[in-house]
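Understanding the architecture of this molecule
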2 protein chains.
Amino acid sequence: MFWVVPLVGIVTLLVVWSYYRQIKKADPGNEKMQEISHAIRTGAFAFIRREYTSVAWVLLIALPIIYFTLDLPTLVTFLIGAFLSLLAGFIGMNAATLANVRTAQAAKNGTVAALQIAFPAGAIMGLTVVGLNLVGISVLYLLFGEPELLTGYGLGSSLVALFARFGGGIYTKAADVGADLVGKLEEGIPEDDPRNPAVIADNVGDNVGDVCGMGSDLFESEAEVMVAAMSLGATLTARYGAKAIVGPVLLFAIGVLASVLGVYFIRMRKNSNVYSAINNGNYVTCALAVLGGFFFTKFYLNDLSLFGAVMVGPIAGLLVGLASEYYTSDEKQPVRALAAAAQTGTATTIIDGVAIGMKSTVLPILITAGAVLIAHRFGGFFGLALSAVSMLSISGITIAVDAYGPVADNAGGITEMAGLPEEVREVTDTLDSVGNSMAAVTKGFDISAAALTALSLFAAYASAAQLEAIDLLSPSVIIGLFIGGIMPFFFSAQALEAVGRAAGFMIEEVRRQMREIPGLREGKAKPDYARCVDISTRVALKEMTLPSVIALLAPVVVGFALGKEALAGVLGGSLLTGMLMALFLANSGGAWDNAKKYIEAGNFGGKKSPAHEAAVIGDTVGDPFKDTAGPSLNILFKLVEIVALTIAPLIR
Amino acid sequence: MFWVVPLVGIVTLLVVWSYYRQIKKADPGNEKMQEISHAIRTGAFAFIRREYTSVAWVLLIALPIIYFTLDLPTLVTFLIGAFLSLLAGFIGMNAATLANVRTAQAAKNGTVAALQIAFPAGAIMGLTVVGLNLVGISVLYLLFGEPELLTGYGLGSSLVALFARFGGGIYTKAADVGADLVGKLEEGIPEDDPRNPAVIADNVGDNVGDVCGMGSDLFESEAEVMVAAMSLGATLTARYGAKAIVGPVLLFAIGVLASVLGVYFIRMRKNSNVYSAINNGNYVTCALAVLGGFFFTKFYLNDLSLFGAVMVGPIAGLLVGLASEYYTSDEKQPVRALAAAAQTGTATTIIDGVAIGMKSTVLPILITAGAVLIAHRFGGFFGLALSAVSMLSISGITIAVDAYGPVADNAGGITEMAGLPEEVREVTDTLDSVGNSMAAVTKGFDISAAALTALSLFAAYASAAQLEAIDLLSPSVIIGLFIGGIMPFFFSAQALEAVGRAAGFMIEEVRRQMREIPGLREGKAKPDYARCVDISTRVALKEMTLPSVIALLAPVVVGFALGKEALAGVLGGSLLTGMLMALFLANSGGAWDNAKKYIEAGNFGGKKSPAHEAAVIGDTVGDPFKDTAGPSLNILFKLVEIVALTIAPLIR
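Residues numbered from 1 in each chain as written. Chains lettered and ligands numbered in written order. Predicted model: local features only at pLDDT ≥ 70, side-chain atom pairs only at ≥ 80, totals over all residues. Heavy atoms only, no water.

Turning our attention to the relation of the copies chain B and chain A. Mapping one chain copy onto the other needs a rotation about an axis and a shift along that axis. Once turned by 180 degrees and shifted 0.0 Å along the axis, chain B lies on chain A with an RMSD of 0.0 Å. In the structure described here, the two chain copies are related by an operation that fits a two-fold rotation axis. Residue Asp-471 of chain B of chain B places its C-alpha closer to the rotation axis than any other residue of that unit, at 2.4 Å. In this assembly the copies share their binding face: 100% of the residues contributing to the interface of chain B also contribute to that of chain A. (Least-squares fit on C-alpha atoms with pLDDT ≥ 70 in both. Contact = heavy atoms within 4.5 Å.)

Structure, rendered in C-alpha cells:
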C-alpha cells in the first residue's frame, strides 16, 4: 500500500502545477506595475542565488565530514533533503513574485478576484512543501529501507531552513527598518514610495522571510517528524510489523490529501467574505484528516487507541494558535490594554508588551504539556510522534493561509508604487489584514508543531543513542540542560544585534543615495534598488554565520566531550527555553504590532498622537522580536535535535 | 565541637551590637536633617508593620496545615525561621534608617568619615543575617537532632523573603516611578526635592528593597543551603559519621568568622580610597575562608578531596559576579556600545539592552555548570552543597558591601532635601557610586548562590522523596519541566505589571496632592508624605498576593496530582528558566541604568540630548526588570524547591 504515498505527492505537485498555470495566465497589469514587480522578482532571486551559493559552500564542507564519519546513504539523503527544501523555496518564491502584481491587477475587480490569485500563490508554497516531502521521504525509504538513514534528509532540510529562516529574517527586518527609518522619519515620504531606494528590498523581504522562510521551516518540521516517527516505529515492529515504520508517512499523506481538497474548496468559493471562506477550507481539511486518522488507526494499524494520539496533535496546535491569537489580536483585551498603556508613554508600552509576551507562554506550554501527556498515554513516544505527524500533515493548508498574506502585502506595495486608485489598495489591505489575523493563529501552530517535532526527535535520539534513561540527577545531564538552556538566549541576542547592524548598513546606503543621486527626492531620477537588495543580502548572510556555526557545533562538542547524557540534557534545555523564548518574542512583537494598528485605526488619539508615537517605538522593537529572533528559535532547537540524532550512532 | 557554632553566632551578634552603638552615638545633624530622617524612618517602619501583619496572616493560615499534614517540630522550626528572618530585617532596617542621616552629617568631614558610618550600617544587615542563622540552625539542630525537621526553618525564611523581596520590590519601584514621573517630568522639580510628596516613599524604598529585601533573600539562601547540606550529609554518616551532618554548619561558621574579621578590616582603614578599602576587606575574608576550608576538610572531615568542592563555590560566585559586572559596568564595552546606540533612538536602545541581557546569561551559566561538574566530581551532591555553603558563608561581607550603598543613597537624598552644600552631596555620591559597582558584582554572586542553593535543595528533595532517578524520558518529568519552565515567565510578567499598576496609584496621589494642597509647589506647605508611603505599601502587598499563592501552590498541586517525578521536573524547569531570566532581567536593567549614567557624565551629548532621552526610557524600562522581577525570581525558584522538600515525605 506504500506506493500510494509517492502518488499522493505527485498528485499534489500536479495540483501545484495547475495553480501555477492559472496565476501565470492572469493579467499582469500595466507597464509600470510590471516594472515594479520585475524589480521585486529580480531582488528576490538575487537573494535566493546568494543564499543558495552559501548553502552550497556549507554542503561542500559538510559532505566529506558526513561521508567519513557516517555513511554514503546518509550523505545521499542529506543532499536530497537540502535540495528538495531549496526547490520548494524556489517554487514558492517564484509563484509569490508572479502573483503579487497579478493580485494587484485583479484587485481592480474586487476582493474575490484578488483572492483567486493571492490564495493559489500561497497554496503553491504550502502544497509544494508537503508534496515534495512526501515524494522525497517515500522514494528514499523505498531506496534504502532503513529509517535511520533518513536522518540525513532531516539534517539537510534543517540546514536550508536555517539559512532561509534566520538569514531571511535578518534580511527582511534590515530592509524594513532601513526603508522606514530613512523614508518615513527622515525624508517624510510615505511607506512603499518608489523614491525610497530600500522599498524594493523591503518588498523582497516579505517574500524571502514570510513565504520562503516559513515554507522551509515547515518543510523541516515535516521531514523531521516523519523521520522521528519512522525511527520510533522501527522499535515497535514486533507489534505493528513494518506498518509502524511506513504508517507515519501514510498518515501524513492522508493529511496532505485533505489539505489539497481544503485548498480547492477555498479557491472555488464565490463568497465575498474572505475570512469565512478560509475558515471553511480549514474545517473541511480538519474533518477529512480526522476521518482519515480514524480509518488509519482502526483499519491500517488495527489499534484504535492510537486515534487518541492522532487527534491530540492538531487540536493542541489549534488551541495554541488560538491562545497566541488572544494575546496578539487587536480585538482582545491584552492588545487593547497595551494600546491604552501607550498613552502613558514609551516605557510603559515596552514594559507591558514584554509582560504580555511573557504571560503568553503559559497557556501554549500548558496545552503542549497536556498534549504530551495524552498522546504518550495513548501510545508512548510513538503516539507522541504520530500526534505531531497528524498535526503537520495539514500544514499544506496552514502554510497556504499564512503565505498568501505576504503576496497580498506585496500587491498592496505595488498598488501604491504604481499609483493605482485608493479602492484597489483597500482591497489588498483587506486581504492583508485577514492574512495577518490568520498568521497569528498559524504562528502559534508552527511553534507547537516545532515543539512536538523536537520532542519526537528527542525520543528518537534517546533510542538511537541507546539511552535507557536520562537522569536529571546526573551532573552531566544537569550541565547539558544548562548549556541547552542558554542557547536560545544567546541565539536571540545574536539575531537582535544582527538586525541592528544590518539595518545600520541599509540606513547608510539609503542616506547615501538620497544625497548623491540628483533628482531622486523630486521623483525625477530612479534610485538604485538593486544595491539595497544586495547590501541587505550580503550583511544578512554574513551575520548569520557565527551563531549558526555555534548552533551546529554545540551539540557535536557536547556529545563528544561530555557524552550522550549531557547531549540529551542539551536537547531538553534548548527545547524548553527555545519554545518559551519563541512564544515570548513572537507574541510581544505581535502585540506591539497590533496595538500600533489599533491606535492607527483612530483609537486613543489615532495617528500622530503621543500614544501612536510610543506604539510605533514598541512596534519597531517588536519587529526583530517577532520576525527574526522568534522564528529562528524554532529552527535552532530543531537543528540541535537533528544534529544530535545524526551523531547518535557515533557517541553511543 | 558543635557548641562553637552558636558561640560564633553570638559573637557575631555582639559585633553587630557594638556597630549599632557606634552609629547611634554619631551626630545626627541639624533639625531639618533629623526631621527628614524621621519621616523616612517612620515610613520604613510603616511598611515593615504592614508587611509583618501580612506575614502573620499567612502564618496563621499555614500553621494548622503544617501541623496536621506534617509534625510539631516542623511547625516550630517554620515559626522560628520566619521569626528570625523578620528580626534580621528589622535590625538591618533600623540600623540603615539611623545611619542615613548620620552618614550625611559625617560626609561634611569627607569620604572616610562617611564610610565609617555607612559601612557599619551595611555590616549590621550582613552580620545579623549570618549570626541569627548560625544561632537559629545550631540551636534547633541541638534541640531536635534531625536535619529533616529543619526544612520548616527554610520554608519559614522563604515565606518572609517572598514578602520582603517581591513586595519590597514592587513597593520601591512604584514609589520611584511615581516620584520621578510626576516630579521630574510633569512638575520639573529635581530628584529628592522635598516638595515632591513621593520623595520620602522613594527613600523608604531603598531601605525596604535594597537593604531588607536583599538581606532576607540571602537569609533564605543561607538557611536553605545549610538545611540541604545537612540532609544530604545525613545520607553519608557511614563515611563521615555525624560530622557529615553538622559539618556544613561548622563550615558556615568559619566563613562567618572570616567575614567578621574582613568587615572589621574595612572599618578600620584610614585610607581615602573607598574602593580599595572594600576590596581589601573582601580579600581578607576570602583568604581566611579558604584557609578555614582547608583545615575543615583536612582535619575535621579527614577528606581533603572535598576541599576542591569547598573552593569551587566562592570562586564560581566571584566569576559570575565579574561576568555580570562586565555586562553592566559603564567602563566596559557593552554598556558603552549601548550608550552609543542610544544616539540612534529609543527602539535601538531597547533592542540592544535586551540583547545585552540575553547574552549576559551565557558566561554565568557556563561558570555555574562548570562549578557543578567540579564540585560533584569532588564529592557528589554533598560536595555541591558544601560548595554552596562555603560560597554563602562569606555572604556576611557581601551583604555588608551591598547594603551600605542604599544607606549612602539615602544620605544623598537627605543632603539634597536638607539643602546641604554641594561638596557634601559629592561625598555621598562617591560612596553611592562605589556601592553601585560593588552591587553589580554581588548581584551576580547572589544569583549563582541562589542557583547552587536550589540545586542542593533539588538533590535533597530527590533523596527525601526517595527518587532513585529522575528520567527525562518519562512524560511526567517532561510535563513538570514545562510547568516549572513557565513559572518564571509568568511570575516576571506579574511583577512587571504589578509595578505598572502600583505606580499608577502613586502618580494619581502625587498629582492629587500637587493640585489640592495650596502652596505646595512654592515650598510653603508640606506634602502628605505618609499617605504616599501608605498607598505604595498597600498596593505592593496586594499585588504580590496572587502570584505568590500560585508559586506556593503550584508545587503542591503538581506533587499531589502528577506525582513526585513531575514535581522533580518542576524543580528543574523553574531553576533553569528562573536563573536565566533572573540574569537577563538584572543585567539588561543594569546595562540601561549605567548607559544612562554614562551619557549623563557628558558622553554622546550628555544630559538633555536625544541620546539621554532614549537612555532615560531604557532606564525606566530596566527599573522593574532589575529591581522587582529579576530579584523576585531568586526567591521564586528557591521557594518552589523548599516547598517541594517540605512535602516530599507526603508524596513519596
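Attention now moves to unusual backbone geometry. Most peptide bonds adopt trans geometry, and most residues besides glycine take a negative phi value. Residues and elements named next belong to chain B. Even without being a glycine, Gln-466 presents a positive backbone phi close to 55 degrees. Mapped onto the elements, Gln-466 comes out in the loop between helix H15 (422-464) and helix H16 (475-516). Notably, Phe-604 is not glycine yet its phi reads approximately 50 degrees, a positive angle. Tracing the backbone through its elements, the reader meets Phe-604 in the loop between helix H19 (564-600) and helix H20 (610-651). (Helix = DSSP H or I, 4+ residues; strand = E, 2+ residues; numbered from the N terminus.)

Here helix H14 (residues 395-417) of chain B is 23 residues long and its end C-alpha atoms lie 33 Å apart, about the 33 Å a rise of 1.5 Å per residue gives. Taken across its 23 residues, H14 of chain B has 21 buried, putting it largely inside the fold. (Expected span 1.5 Å × (residues − 1). Buried < 20%, exposed > 50% of the residue type's maximum accessible area, 1.4 Å probe, protein only.)

Turning our attention to the interface of chain B and chain A. Between chain B and chain A, the contact holds 56 residues from the first and 56 residues from the second. Together chain B and chain A conceal approximately 5400 Å² of surface at their shared face, both sides included; 88% is due to carbon and sulfur atoms. Put simply, chain B and chain A have two salt bridges between them. Here Glu-497 of chain A ties to Lys-359 of chain B by a salt bridge, and the two come within 2.9 Å at their closest N and O atoms. Taken together, the links from chain B to chain A amount to six residue pairs in polar contact (both at pLDDT 80 or more). Residue assignment for the side of chain B that touches chain A shows that the elements contributing at least two residues are helix H12 (346-359), helix H13 (362-393), H15, H16, H19 and H20 of chain B. When residues in the side of chain B that touches chain A are grouped by element, the largest group, 16 residues, is from H16 of chain B. Looking at the side of chain B that touches chain A residue by residue, the classes come out as 43 nonpolar, nine polar and four charged. (Buried area = accessible area lost by both parts, 1.4 Å probe. Salt bridge = Lys/Arg side-chain N within 4 Å of Asp/Glu carboxyl O. Polar contact = N/O pair within 3.5 Å; in protein donor to acceptor, adjacent residues only side chain to side chain. Nonpolar A, V, L, I, M, F, W, Y, C, P; charged D, E, K, R; others polar.)

Our next topic: the packing of aromatic side chains. Residue and element names in this part refer to chain A. Per the counting criterion, the structure on display carries 36 aromatic pairs over all chains. Note on Tyr-153 and Phe-219: the rings are 6.3 Å apart at their centroids and 40 degrees apart in plane angle, and the pair reads as tilted. A residue pair is termed long-range when its members are at least 10 positions apart, and Tyr-153 in helix H5 (residues 151-187) and Phe-219 in helix H6 (residues 199-234) qualify at 66 residues. Since its relative accessible area comes to 0%, Tyr-153 is described here as buried. Taken together, the aromatic side chains of Phe-294, Phe-295, Phe-299 and Phe-307 make up a single cluster linked through ring pairs. Sitting over the face of the ring of Tyr-300, Lys-243 holds its NZ or CZ atom 4.9 Å from the ring centroid. (Phe/Tyr/Trp six-rings, centres within 6.5 Å; stacked < 30°, edge-to-face > 60°. Lys NZ or Arg CZ within 6 Å of the ring centre and 35° of its normal.)

Residues annotated by UniProt as "site: Determinant of potassium dependence" (unreviewed entry) correspond here to Ala-439 of chain A. Secondary-structure assignment places Ala-439 of chain A in helix H15 (residues 422-464). (UniProt positions renumbered as here; feature names shortened; annotations may be inferred.)

On the secondary structure map, Ile-350 of chain A appears in helix H12 (residues 346-359). In this structure Ile-350 of chain A comes out as buried when scored by relative accessible area, which is 2%. Setting aside anything within four residues of it in sequence, one finds Ile-350 of chain A in contact with Trp-592, Gly-618 and Val-621 of chain A together with Ile-350 and Val-621 of chain B.

Attention now moves to the side chain of Asp-402 of chain A. Residues and elements named next belong to chain A. If you trace the backbone, Asp-402 turns up in helix H14 (residues 395-417). The buried charged residue Asp-402 lacks any salt bridge partner; its closest oppositely charged side chain belongs to Arg-165, at an N-O distance of 6.2 Å. A polar contact is formed between the side chain of Asp-402 and the side chain of Thr-442, at a distance of 3.3 Å. Asp-402 has contacts with Met-214, Ala-439, Thr-442 and Asp-446, leaving out every residue within four places of it along the chain. (Lys, Arg positive; Asp, Glu negative; His and termini not counted.)

Residue and element names in this part refer to chain B. Mapping Asp-176 onto the fold places it in helix H5 (residues 151-187). Residue Asp-176 is classed as buried on the basis of its relative accessible area, which comes to 10%. Not counting residues up to four positions away in its chain, the partners in contact with Asp-176 are Asp-202 and Asp-623.

We now examine helix H17 (residues 529-543) of chain B. Think of an α-helix as 3.6 residues a turn; residues three or four steps apart then line up on the same face. Here H17 of chain B is 15 residues long and its end C-alpha atoms lie 21 Å apart, about the 21 Å a rise of 1.5 Å per residue gives. Considering only its buried residues, H17 of chain B is in contact with helix H2 (31-69), H5, helix H6 (199-234), H16 and helix H18 (545-562) of chain B.

The biggest cluster of nonpolar side chains holds 505 residues, and the ones touching the most others in it are Ile-200, Met-358 and Tyr-461 of chain A together with Met-358 and Tyr-461 of chain B. Aside from chain neighbours lying at most four places away, what touches Tyr-461 of chain B is Leu-467, Lys-564, Leu-567, Ala-568, Leu-571, Ala-644, Leu-645, Ala-648 and Ile-651 of chain B. (Core = buried A, V, L, I, M, F, W, Y, C linked by side-chain atoms within 4.5 Å.)

It is worth spelling out the packing of helix H10 (residues 305-328) of chain A against helix H13 (residues 362-393) of chain A at this point. A pair of packed helices is characterised by two quantities: the angle between their axes and the separation of those axes. Residues and elements named next belong to chain A. Put simply, H10 and H13 touch, their axes get as near as 7 Å, and they point 150 degrees apart. Relative to H13, the element H10 lies roughly antiparallel. Along this stretch, H10 crosses H13, giving a crossing that reads as left-handed. For the contact of H10 with H13, the class distribution of residues is 19 nonpolar, nine polar and no charged. (Axes fitted to C-alpha atoms, helices over the stretch in contact; angles between N-to-C directions. Parallel < 35°, antiparallel > 145°, perpendicular 65-115°, else oblique. Left-handed = near helix turned anticlockwise from the far one by under 90°.)

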